[in-house]
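Per-entry structural report
One letter stands for each residue in the lines below.
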Amino acid sequence: MAALRRLVSAVRASSASLHHRTSACSRSLYSPPTLDPQTDLKAAAAPDLQPLHRRGDPKGRNVQWVFLGCPGVGKGTYASRLSALLGVPHIATGDLVRDELASSGPLSFQLSEIVNQGKLVPDETIIDLLSKRLEAGGIKGETGFILDGFPRTVRQAEILEGVTDIDLVVNLKLREDALLAKCLGRRICSECGKNYNIACIDIKGEDGGPGMYMPPLLPPPHCATKLITRSDDTEEVVKERLSIYNKMTKPVEEFYRARGKLLEFDLPGGIRESWPKLLQALNIEDGDDKRSAAV
Ligand code: AMP
């Protein structure tokens, strides 16, 4: 709780700093940042931030993990399963953006334009949404988190690293030819929000290379009649999102790799095949002693 509160205020401070600097330059919130990254990151991370729970001192708090990976790889699926197993909130910044869109608040028009083109929301906006979510969770007594979809730029990673200690970054990987099919097959229950996938991916191995089979993840009858498709899961927009991932988010992998925090995980197939292997890679026993497995 205390850690989250400090993270919230620290991230808020960095967001405020970014806001201040962008408005001082009379730039629109949605114009691309033109500030010098070297000096701005220091300013963004606010001067008086205290590092939280550095590595080796995991007592007193829950895990603070990040899930990285291309659109459609399954970050939400695995992060939400792990969050239930470890008792930490799964915080997907894409969900925060969609909630904001659904609220029809003042930001929603600009956000919908950005999201529907597959572009990234400005760092300061996403940090503000994340701060609010962490603050609300802190009030409810949440500790720890599994972040999904954040950070997505090196600048976001720098800010996060400046205010808290991420224990582990799981980089989910899936062959590129399966990603588009998975995005196009994604369906969401408009009532409970659960994700399903109607795509049946069956890639035959060629020239001795491995194939891949991922069965559809079909909804139960009570969700089946309420399925919707995300507006940004069209072929054109998914291709743009994949290209933006390669340009803006790939460097985040290197950021964490250099800090020894990156766990690369190649998904071998569907959930049934991948989940036990992921737990094994994370050294988590799917059973009783969740706490020791988590830290
Ligand atoms: P997702 O559900 O993670 O695919 O996110 C949906 C959309 O929300 C993305 O395509 C972006 O427009 C926006 N978004 C989510 N997370 C971030 C982030 N960390 N930085 C910038 N934009 C984001």
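Residues numbered from 1 in each chain as written. Predicted model: local features only at pLDDT ≥ 70, side-chain atom pairs only at ≥ 80, totals over all residues. Heavy atoms only, no water.

In the nomenclature of an unreviewed UniProt entry, the protein chain is known as adenylate kinase of Trapa natans. For the protein chain, the Catalytic activity (unreviewed entry) comment in UniProt is given as "AMP + ATP = 2 ADP". According to UniProt, the comment filed for the protein chain under the heading Sequence similarities (unreviewed entry) is "Belongs to the adenylate kinase family." (UniProt positions renumbered as here; feature names shortened; annotations may be inferred.)

1. What about the overall build of the protein chain?
When helices and strands are counted, the protein chain shows 12 helices and 10 strands. Across the 295 residues in the protein chain, those meeting the buried criterion constitute 48%. Here the protein chain displays about 14500 Å² of accessible surface, and carbon together with sulfur accounts for 54% of that area. (Helix = DSSP H or I, 4+ residues; strand = E, 2+ residues; numbered from the N terminus. Buried < 20%, exposed > 50% of the residue type's maximum accessible area, 1.4 Å probe, protein only. Areas by Shrake-Rupley, 256 points an atom, 1.4 Å probe, with all protein chains shown as cover.)

2. Examining the environment of Lys173
Structurally, Lys173 is set in strand β4 (residues 168-173). C-alpha of Lys173 to C-alpha of Cys70: the two residues are 103 residues apart in sequence and 7.4 Å apart in space. Aside from chain neighbours lying at most four places away, what touches Lys173 is Val73, Glu264, Phe265, Asp266 and Leu267. Polar contacts involving the side chain of Lys173 include one to the side chain of Glu264, which spans 3.0 Å. (Contact = heavy atoms within 4.5 Å. Polar contact = N/O pair within 3.5 Å; in protein donor to acceptor, adjacent residues only side chain to side chain.)

3. A look at the confidence of the model for the protein chain
Per-residue pLDDT for the protein chain has a mean of 82; in total, 77% of the residues score no lower than 70. Every residue in residues 18-59 scores below 50 in pLDDT, and together they form 63 contacts with partners more than four places removed in sequence or on other chains. Overall, residues 288-295 carries pLDDT values under 50, and its contacts beyond four positions in sequence, including any with other chains, amount to 11 contacts. (pLDDT = per-residue confidence, 0-100.)

4. Considerations on the site of the ligand
The local shell around the ligand holds 16 residues, among which Thr93, Arg98, Lys119, Gly149 and Gln156 are the closest. In the environment of the ligand, a nitrogen atom lies 2.8 Å from a nitrogen or oxygen atom belonging to the side chain of Thr93. Gln156 is positioned such that a nitrogen or oxygen atom in its side chain is 2.9 Å from a nitrogen atom of the ligand. With four residues, the single largest contributor to the shell around the ligand is helix α4 (residues 93-102). In terms of residue class, the shell around the ligand is built from six nonpolar, four polar and six charged. (Near = heavy atom within 4 Å. Nonpolar A, V, L, I, M, F, W, Y, C, P; charged D, E, K, R; others polar.)

5. Some remarks on the sheet that holds strand β5 (residues 186-189)
Think of a sheet as strands paired side by side through backbone hydrogen bonds, with each pair either parallel or antiparallel. Sheet architecture is open: three strands sit in the order β6-β5-β9, paired in antiparallel fashion. Of all the strands in the sheet, just β6 (195-197) and β9 (227-228) have a single pairing partner and so form its edges. The pairing of β5 with β9 spans two bridges and is antiparallel. When the bridges of β9 are listed, Ile188 appears paired with Ile228. Sitting on the sheet, helix α8 (residues 176-185) is in contact with β5 and β6, with an inclination near 30 degrees to β5. (Pairing = 2+ DSSP bridges. Axes fitted to C-alpha atoms, helices over the stretch in contact; angles between N-to-C directions.)

6. Topic: the pattern of salt bridges
Overall, the coordinates contain 20 salt bridges when judged by the stated rule. Salt-bridge contacts for Glu161 lead to Lys261; the nearest nitrogen and oxygen are separated by 2.9 Å. Highlighted residues: Glu161 in helix α7 (residues 154-163) and Lys261 in the loop between α10 (235-258) and β10 (262-266), separated in sequence by 100 residues. According to the relative accessible area criterion, Glu161 is buried, its value standing at 14%. Linking Glu264 and Lys173 is a salt bridge whose minimum nitrogen-to-oxygen distance equals 3.0 Å. Highlighted residues: Glu264 in strand β10 and Lys173 in strand β4, separated in sequence by 91 residues. Members of the salt-bridge network, linked through shared partners, are Lys173, Lys250, Glu253, Glu254, Arg257 and Glu264. (Salt bridge = Lys/Arg side-chain N within 4 Å of Asp/Glu carboxyl O.)

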